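Chain and residue survey
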Amino acid sequence: MEIVTLPGVAGEMGILPQHVRRISQMVPGTMIVGKDGRDLFVPTGEGLNEVTANRVAILTDLAVPADRIDETKSEEARRRAEARLHEKLSAEEVAAVNASLTRSLAQLRVKRRRRV
């Protein structure tokens, strides 16, 4: 390993051999492993990484080398996720409106009581 680039909370961080020991949070993105003059791109999910002087350990729910990704299946999964997101947002928006109406009605009742 010559360099590992990790997607972190504060942005990308490059890890070189003999790096100082650290543990940090990863965000979804692409890990890049540079070795023998070539780069291996690995999409990753969120997780943690532990760096020592001679090792980088990754704990994540997703890590698939880019050359092993089936683009058709990925696109289908993206469409399913997008549909679920729209459904969830709609339900959340309805809940937010209901909560707002409940607060407004409660404030209206308090104002009416003060007048009496």
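These remarks concern the structure in this document. (Residues numbered from 1 in each chain as written. Predicted model: local features only at pLDDT ≥ 70, side-chain atom pairs only at ≥ 80, totals over all residues. Heavy atoms only, no water.)

The next subject is the nonpolar core. Counting residues in hydrophobic clusters, the biggest one holds 8 residues: Val4, Leu6, Met13, Ile15, Met26, Met31, Val42 and Val51. Among the secondary structure elements, those contributing two or more residues to this core are strand 1 (3-8) and strand 2 (11-15). Residues contacting Val42, with those up to four places away along its chain left out, are Gly29, Thr30, Met31, Ala63, Val64 and Pro65. (Core = buried A, V, L, I, M, F, W, Y, C linked by side-chain atoms within 4.5 Å. Buried < 20%, exposed > 50% of the residue type's maximum accessible area, 1.4 Å probe, protein only. Helix = DSSP H or I, 4+ residues; strand = E, 2+ residues; numbered from the N terminus. Contact = heavy atoms within 4.5 Å.)

What follows concerns the side chain of Thr44. Tracing the sequence through the fold places Thr44 in strand 5 (residues 38-44). The class of Thr44 is buried, set by a relative accessible area of 3%.

Attention shifts here to the side chain of Ser24. Within the secondary structure, Ser24 sits in strand 3 (residues 22-26). By relative accessible area, Ser24 is classed as buried at 12%. Once residues lying within four places of it in the same chain are set aside, the contact partners of Ser24 are Met13, Gly47, Leu48 and Asn49.

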